[in-house]
Amino acid sequence: MKRKFLVWLLPLIACFLQRCIGFTSRFKEIGKTSYDSLVAKKSPLILSIWHTNVLYSPYLHRGKNVGVLISESKDGDFINQVVLRFGNTSIRGSSSKGGSKALKAVIVHLKKGLSAAFTPDGPRGPALIVQPGLIAAAQVTQAPIVPFHYECTRQWILEKAWDKHRVPKPFTTFVISYGEPIYIPREMNEVEFENQRKLVEEAMLTNREKAISEVKRLNTRS
C-alpha cells in the first residue's frame, strides 16, 4: 500500500513542479515546420530524443498521445505515471532486457497510426550514440524519424550522470529544436543499415548543436 501511494504521489508532485517551471518560462521553437506538417496530417512519426532530455519531453509534447517506451522496472512505474498525466501513452518494455519484445510493442503502436518517442542512447548509454532499435522501427513501419532536443538558458546539468541530464531552472527560456524528418529505406543490407544509423546519429547531433548554439546566443544577449 505504501508503494502504491508513492507511485501516485511522487509523479503528482513531479508534474506539478514541471508545470510551475513551465508557467514561469519562455519557449523558442526552431525547425518545427516539417514536424507540424506531419502532425497536421496525423501521420505517425518517431520522435528521437537523447536520454539527456527525457525529463521534460513528455511535458513539451503534452496531450499528443505519443507512445513512450518505459522500462518495466519499479522505477519505470513512476515515469509511467508522469507520461500518462501529461496526456501521452506508455509502452512498457526494456530495450536492454527482452529488447525485441519492446521493439515489437513500439512497432505495433506505430502501425496503429500513432506516434512514438525513442531514446536511442538509453537506458544506460553510451550517451549520444544511436542504437539500432530506432532504425529498425522506422524501417519496418516507414514512420519518419524526427530529431528532437531542448536546452535552456538557465538549467542545471547533472555532470556526474552518464547522460549529463538537463534540469531546467525557473524563469528560463526553453530552446526546442526539431530536425527534418528522416525516412529509412525498407530494404537494406547490413552496410546500408549502418549507414542509416550513422546518418540519424549525425542529424540528432546537429539538431542538438542548433539548440546549444541558440542558448549561447540568447545568454550572450542578456
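Residues numbered from 1 in each chain as written. Predicted model: local features only at pLDDT ≥ 70, side-chain atom pairs only at ≥ 80, totals over all residues. Heavy atoms only, no water.

S.K.: Any chance you could break down the packing of helix α1 (residues 2-24) against helix α4 (residues 74-85) for me, citing the residues and the numbers?
M.R.: Put simply, α1 and α4 touch, their axes get as near as 9 Å, and they point 45 degrees apart. On the basis of the axis angle, α1 is oblique to α4. Relative to α4, α1 is oriented so that their crossing is right-handed. Contacts between α1 and α4 involve Arg-3, Leu-6, Val-7, Trp-8, Leu-10, Pro-11, Leu-12, Ala-14, Cys-15, Gln-18 and Arg-19 from the first element and Lys-74, Asp-77, Phe-78, Gln-81, Val-82 and Arg-85 from the second. Of the residues that constitute the contact of α1 with α4, the class distribution is 10 nonpolar, 2 polar and 5 charged. (Axes fitted to C-alpha atoms, helices over the stretch in contact; angles between N-to-C directions. Helix = DSSP H or I, 4+ residues; strand = E, 2+ residues; numbered from the N terminus. Parallel < 35°, antiparallel > 145°, perpendicular 65-115°, else oblique. Left-handed = near helix turned anticlockwise from the far one by under 90°. Contact = heavy atoms within 4.5 Å. Nonpolar A, V, L, I, M, F, W, Y, C, P; charged D, E, K, R; others polar.)

S.K.: Lay out the nonpolar core with the relevant residues and their values.
M.R.: Within the largest apolar cluster, 24 residues are counted, with the highest numbers of intra-cluster contacts made by Leu-47, Leu-60, Phe-148 and Tyr-150. Among the secondary structure elements, those contributing two or more residues to this core are α1, α2 (33-40), β2 (46-49), α3 (57-60), β3 (67-70), α4, β6 (145-152) and β9 (173-178). Sorting elements by how many residues they give to this core places β6 first, with 4 residues. Those residues in contact with Phe-148 that sit more than four places away from it in its chain are Leu-47, Ser-48, Ile-49, Trp-50, Asn-53, Ser-57, Leu-60, His-61, Ile-176, Ser-177, Tyr-178 and Asn-207. In this structure, Ile-46, Ala-116, Ile-135 and Ile-184 belong to the second largest nonpolar core, which totals 21 residues. (Core = buried A, V, L, I, M, F, W, Y, C linked by side-chain atoms within 4.5 Å. Buried < 20%, exposed > 50% of the residue type's maximum accessible area, 1.4 Å probe, protein only.)

S.K.: Mind laying out the pattern of salt bridges, listing which residues take part and the relevant values?
M.R.: For the coordinates displayed, the defined rule picks out 10 salt bridges. In this structure, Asp-36 and Lys-32 form a salt bridge, with 3.0 Å as the shortest nitrogen-oxygen distance. (Salt bridge = Lys/Arg side-chain N within 4 Å of Asp/Glu carboxyl O.)

S.K.: Can you tell me about a nonpolar patch on the surface, naming the residues and giving the values?
M.R.: There is a patch of nonpolar side chains on the surface, built from Phe-5, Leu-6, Trp-8, Leu-10, Leu-12, Ile-13, Phe-16 and Leu-17 and spanning about 750 Å² of accessible area. Checked against the element boundaries, Phe-16 lands in helix α1. Owing to a relative accessible area of 54%, Phe-16 belongs among the exposed residues under this scheme. (Patch = residues over 30% accessible without salt bridge, like charges linked within 9 Å, V, L, I, M, F, W, Y side chains within 5 Å. Areas by Shrake-Rupley, 256 points an atom, 1.4 Å probe, with all protein chains shown as cover.)

S.K.: So what about the packing of aromatic side chains? Which residues, and what values?
M.R.: Tallied over the full model, the rule gives 9 aromatic pairs. Measuring from centroid to centroid gives 5.8 Å for Tyr-56 and Tyr-59, while their planes differ by 75 degrees, and the two rings are edge-to-face. Of the two residues, Tyr-56 and Tyr-59, neither departs from the other in class, the shared state being buried. Arranged with centres 5.5 Å apart and planes meeting at 45 degrees, the rings of Tyr-56 and Phe-174 form a pair that is tilted. On the criterion of sequence distance, the pair formed by Tyr-56 in the loop between β2 and α3 and Phe-174 in strand β9 is long-range, its members being 118 residues apart. In this pair, the class of Tyr-56 matches that of Phe-174, namely buried. The rings of Phe-27, Tyr-35, Tyr-56, Tyr-59, Phe-86, Phe-148, Tyr-150, Phe-174 and Tyr-178 are connected pair by pair, giving a single aromatic cluster. Arg-62 extends its terminal NZ or CZ atom over the ring of Tyr-59, reaching a point 4.1 Å from the ring centre. (Phe/Tyr/Trp six-rings, centres within 6.5 Å; stacked < 30°, edge-to-face > 60°. Lys NZ or Arg CZ within 6 Å of the ring centre and 35° of its normal.)

S.K.: Before we move on, could you go through the state of the cysteines and cite the residues and values that matter?
M.R.: Here, the word disulfide means a covalent bond between the sulfur atoms of two cysteines. Scanning all chains against the criterion turns up 0 disulfides. In this structure Cys-15 is not part of a disulfide, and its nearest cysteine sulfur, from Cys-20, lies 11 Å away. On the accessibility criterion, Cys-15 (5% relative accessible area) is buried. The partly exposed category is assigned to Cys-20, whose relative accessible area is 34%. (Disulfide = S-S within 2.5 Å.)

So far we have only geometry, and geometry alone does not tell us how the molecule works.
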